[in-house]
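This is what each chain is made of:
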There are 2 protein chains.
Amino acid sequence: MPASYAYLGPEGTFTEVALRTLPEAATRELTPYVSVQSALDAVRVGEAEAAFVPIENSVEGGITTTLDELVAGTPLMIYREVLLSITFALLVRPGIKLSDIKTVTAHPAAQPQVRNWLKTHLPDAVWESAASNADGARLVQEGRYDAAFAGEFAAARYGLEALETGIHDAENAQTRFVLVGRPARPAAPTGADKTSVVLWQNDDHPGGLRDLLGEFATRGINLMLLQSRPTGAGIGNYCFCVDAEGHISDRRMAEALMGLKRICLQVRYLGSYPRADVRPGEVLTPFPGTSDEEFAGAADWVARCQDGRF
Amino acid sequence: MPASYAYLGPEGTFTEVALRTLPEAATRELTPYVSVQSALDAVRVGEAEAAFVPIENSVEGGITTTLDELVAGTPLMIYREVLLSITFALLVRPGIKLSDIKTVTAHPAAQPQVRNWLKTHLPDAVWESAASNADGARLVQEGRYDAAFAGEFAAARYGLEALETGIHDAENAQTRFVLVGRPARPAAPTGADKTSVVLWQNDDHPGGLRDLLGEFATRGINLMLLQSRPTGAGIGNYCFCVDAEGHISDRRMAEALMGLKRICLQVRYLGSYPRADVRPGEVLTPFPGTSDEEFAGAADWVARCQDGRF
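Remember, predicted model here, so these are calculated numbers, not experimental data. (Residues numbered from 1 in each chain as written. Chains lettered and ligands numbered in written order. Predicted model: local features only at pLDDT ≥ 70, side-chain atom pairs only at ≥ 80, totals over all residues. Heavy atoms only, no water.)

A. View of the overall build of chain A. In terms of helices and strands, chain A carries nine helices and 15 strands. Seen through its principal axes, chain A has C-alpha atoms that stretch 85 × 45 × 35 Å. Per-residue burial for chain A yields a buried fraction of 52% across its 310 residues. For chain A, the proportion of contacts with a sequence separation of at least 24, taken over those separated by at least 6, is 76%. Of the roughly 13,500 Å² of accessible surface on chain A, 52% is carried by carbon and sulfur atoms. Measuring between centres, the 28 positive side-chain charges of chain A sit 3 Å from its 39 negative side-chain charges. (Helix = DSSP H or I, 4+ residues; strand = E, 2+ residues; numbered from the N terminus. Buried < 20%, exposed > 50% of the residue type's maximum accessible area, 1.4 Å probe, protein only. Contact = heavy atoms within 4.5 Å. Areas by Shrake-Rupley, 256 points an atom, 1.4 Å probe, with all protein chains shown as cover. Lys, Arg positive; Asp, Glu negative; His and termini not counted. Charge placed at Lys NZ, Arg CZ, Asp CG, Glu CD.)

Dropping the structure here:
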């Protein structure tokens, strides 16, 4: 297997910065790809060992391009997640002042995070979308636009100055990234893990989705993400991307997934991996009555009853 | 109140075409706005009687800009919905052939709907995003790009030719639009209505969302949309935009909303309005045991029991 990670490029974006926080990235060749789709395809065809792409954003929610890629096509698996706080710098060519700025650019995903700042500080600036924040910085370097919103780290690469830093409309703006590979045995549980699945309902009746969520709730499993995605069969037809607390080797999670497998039209397992919002080494306590020991004890008790040994 | 409807402009887009299918649009002045936000703000400040904006798309799901505007800020209410089938035409300057096309443009929302077509027919064409599909057509007219994906109706307006029509990657590609005004008494039920609400959970515990959905399921109410949207309080903090079958004057829906009001941190009512996916005049039958008559009969029975008259 090639020791290479594909990532959503170009170089010098938040994605690359987030990827470099993973210790395993230091020993891999990191290759930028032009889109989430092409990065994941590189994994599917065996050109890369894994791909690193954004999947959720505290301002915009689930990143639909990534979710749709994981929902459809050859199955892939999530191995790791990274959380990165996102604040923007306003990058300009040296010498440009705020009052000189007539046009600004960035990736469209940056827009909701800088909208209020723009309204206050540059109400008349014209917004032009760029293919990426790094590409926006490049276009400013070339003189096509006056200013770009990008990570402060991009300034040096493009010979630009940060006129302003720390720009973020929403407090705690974070983006979640995932490392995605071909399906294999998930890593062992760490005590603070997350499991991702995609669920397709069997039919559409009152309580259908409530019943799916009940499979988790009944086993004391909290949900961290529920994102509906169109199935492509027309308005109102959705599947559900779910992140749930726990690992598939936890008995509560295994039982919940078995329940879903029984009642869903289709379940796609996307992996179990360490939670990035919990300090490494920290072990979370399951809700009362849902630990592996309690599940094992209850199974023993039923077996004894079935045996007439109660 | 000014007899004017704001809509997401510019002129000559799918939004305008959808708006003109509403009989009431014929008697109003229709004013294009540059963004969903500005169209809805026109309603909030009393500049327009109502605003007409896209809210859901069978390829991309909920349109987050619109949902986020309805979730936050001064409350607004949905009065009408329109479903429009979306297929694109490839518009070029007269005389241009498919083999001449090096650059194509359209609004980013068009991209997922034409991606496969592009891959097959114009694999080397460079994509450039436009502010709207109509704006893309204008840029082709000006010679900046070679071709634009837009509604076929835009060809005449910009002096272009449709080189290809009926382009749509997903079968049944539809967009749902809503007419949004200031809160008032909802229109009377038609027998085939939809109710939209936004729900904020009181706390985060296993089964929290299942319990919210249970308020609908218990009253035999089917859901048509469940879209999570970030609350802005960081990764993992979501509220839920829900479309449910029925009208707030149905007893089952009123009881479900009362239940939600009791257990949610906050409920925002977004209106009850006729469903566009049902033929006008058609009356839908509620699930057994959930008609107004059955609710009334059950309430009478409890009252009699409380009275000792059972």
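B. Here's a closer look at the layout of surface pockets. Each pocket or cavity is described by its volume, and for the second largest pocket that value is around 560 Å³. Forming the boundary of the second largest pocket are 36 residues, of which Leu223(A), Gln201(B), Asp204(B), Gly236(B) and Tyr238(B) lie nearest the centre. If you list the elements that add at least two residues to the lining of the second largest pocket, you get strand S5 (77-85), helix H7 (208-217), strand S13 (223-230) and strand S14 (238-245) of chain A together with helix H7 (208-217) and strand S14 (238-245) of chain B. The greatest single-element share of the lining of the second largest pocket, amounting to four residues, is contributed by S13(A). Taken together, the residues that form the lining of the second largest pocket break down as 17 nonpolar, nine polar and ten charged. (1 Å grid on protein atoms, 1.4 Å probe; cavity = no way out; pocket = protein on both sides within 12 Å on 5 of 7 lines; lining within 4 Å. Points joined across faces, edges and corners; volume = space filled by probe spheres on them. Nonpolar A, V, L, I, M, F, W, Y, C, P; charged D, E, K, R; others polar.)

C. Quick look at the environment of Gln37(A). Tracing the backbone shows Gln37(A) in helix H2 (residues 36-44). The spatial distance from the C-alpha of Gln37(A) to the C-alpha of Thr65(A) is 7.7 Å, given a sequence separation of 28 residues. When near neighbours in sequence (up to four residues on either side) are disregarded, Gln37(A) contacts Glu69(A), Arg115(B) and Lys119(B).

D. Highlighting H7(A). In terms of residue burial, H7(A) counts as a mostly covered element, since eight of its ten residues are buried. Buried residues of H7(A): Gly208(A), Leu209(A), Leu212(A), Leu213(A), Gly214(A), Glu215(A), Phe216(A) and Ala217(A), and no others. Turning to H7(A), the residues buried within the fold contact strand S12 (193-200), S13, S14 and helix H8 (251-263) of chain A together with H7 and strand S13 (223-230) of chain B.

E. Fine view of the sheet that holds strand S15 (residues 266-274) of chain A. All names here are of chain A. The antiparallel open sheet is built from four strands, whose spatial order is S13-S14-S12-S15. Of all the strands in the sheet, the pair left with one neighbour each is S13 and S15. On average, adjacent strands in this sheet sit at an angle of 15° to one another, irrespective of strand direction. Seen against the sheet, helix H3 (residues 64-71) touches S12, S13, S14 and S15 and runs at an angle of roughly 80° to S13. Of the strands in this sheet, S12, S14 and S15 touch H8, which is tilted by about 5° from S12. (Pairing = 2+ DSSP bridges. Axes fitted to C-alpha atoms, helices over the stretch in contact; angles between N-to-C directions.)

F. Seen up close, empty space enclosed by the protein. The full count for this structure, using the stated rule, is two cavities of 30 Å³ or more. When contributions to the lining of the largest cavity are tallied by element, the ones reaching two or more residues are helix H3 (64-71), strand S12 (193-200) and S14 of chain B. Take the lining of the largest cavity: its biggest share by element is three residues, from S14(B). Grouping the constituent residues of the lining of the largest cavity by class yields nine nonpolar, one polar and two charged. Structurally, the lining of the largest cavity is a two-domain feature, drawing no fewer than three residues from each of domain 1 (1-86 + 173-184) and domain 3 (186-310) of chain B. In this structure, the second largest cavity occupies an estimated 50 Å³ of space. Taken together, the elements giving at least two residues each to the lining of the second largest cavity come down to S12, S14 and S15 of chain A. Looking at the lining of the second largest cavity element by element, the count peaks at three residues for S14(A). Of the residues assigned to the lining of the second largest cavity, the class counts are nine nonpolar, one polar and two charged. (Domains from an automatic or database assignment.)

G. Fine view of the side chain of Gln113(B). Residues and elements named next belong to chain B. Mapped onto the elements, Gln-113 comes out in helix H4 (residues 111-121). Since its relative accessible area comes to 4%, Gln-113 is described here as buried. Residues in contact with Gln-113, not counting those within four places in the same chain, are Asn-57, Val-59, Ile-86, Phe-88, His-168, Asp-169 and Ala-173.

H. Expanded view of the packing of aromatic side chains. Residues and elements named next belong to chain A. This model, assessed by the stated rule, comprises ten aromatic pairs over all chains. With a centroid separation of 5.9 Å and an interplanar angle of 85°, the aromatic rings of Trp-117 and Phe-149 are classed as edge-to-face. Linking Trp-117 in helix H4 (residues 111-121) with Phe-149 in strand S9 (residues 147-150), this pair joins segments that are 32 residues apart in sequence. We note that Trp-117, like Phe-149, is buried. Pairwise contacts between aromatic rings join Phe-14, Phe-88 and Phe-153 into one cluster. (Phe/Tyr/Trp six-rings, centres within 6.5 Å; stacked < 30°, edge-to-face > 60°.)

I. Just the sheet that holds strand S6 (residues 88-92) of chain A, in detail. Residues and elements named next belong to chain A. Reading across from one edge, S8-S7-S9-S6-S10 is the order of the five strands in this open sheet, with mixed pairing throughout. The sheet is open, and its two edges are formed by strand S8 (126-129) and strand S10 (161-167), each paired on a single side. In this sheet, adjacent strand axes meet at a mean angle of 25° when their direction is disregarded. Pairing between strand S7 (residues 103-106) and S9: two bridges, direction parallel. Its bridge partner lying in S9, Val-104 is registered against Ala-147. Strand contacts of helix H5 (residues 133-141): S6, S7 and S9, with the helix running at about 160° to S9, the strand carrying the most contacts.

J. Molecular detail of the interface of chain A and chain B. Contact residues are listed per partner, giving 49 residues for chain A and 49 residues for chain B. With both sides pooled, the region where chain A packs onto chain B buries about 3,400 Å², and carbon together with sulfur makes up 52% of that total. Among the residues chain A hides against chain B, the three largest losses belong to Pro206(A), Arg210(A) and Ile235(A). Together they make up 20% of the total. Between the two partners, chain A and chain B, sit zero salt bridges. Scanning the region where chain A abuts chain B turns up six residue pairs in polar contact (both at pLDDT 80 or more). The set of elements that each furnish at least two residues to the side of chain A that touches chain B consists of strand S3 (50-57), strand S4 (61-62), H3, H4, strand S11 (174-181), H7, S13 and S14 of chain A. For the side of chain A that touches chain B, the element with the most residues is S13(A), which contributes eight residues. For the side of chain A that touches chain B, the per-class residue count stands at 18 nonpolar, 20 polar and eleven charged. (Buried area = accessible area lost by both parts, 1.4 Å probe. Salt bridge = Lys/Arg side-chain N within 4 Å of Asp/Glu carboxyl O. Polar contact = N/O pair within 3.5 Å; in protein donor to acceptor, adjacent residues only side chain to side chain.)

K. Fine view of unusual backbone geometry. That bond from Gly9(A) to Pro10(A) is cis: its omega, 0°, falls within 30 degrees of zero. The topology assignment puts Pro10(A) in the loop between strand S1 (4-8) and helix H1 (14-19).

L. Broad picture of the environment of Leu67(A). Residue and element names in this part refer to chain A. Tracing the sequence through the fold places Leu-67 in helix H3. Assessed through its relative accessible area of 4%, Leu-67 is described here as buried. C-alpha of Leu-67 to C-alpha of Gln-227: the two residues are 160 residues apart in sequence and 8.8 Å apart in space. Non-local contacts of Leu-67, meaning those with residues more than four positions away in its chain, are made with Ile-55, Gly-62, Gln-227, Arg-229 and Cys-241.

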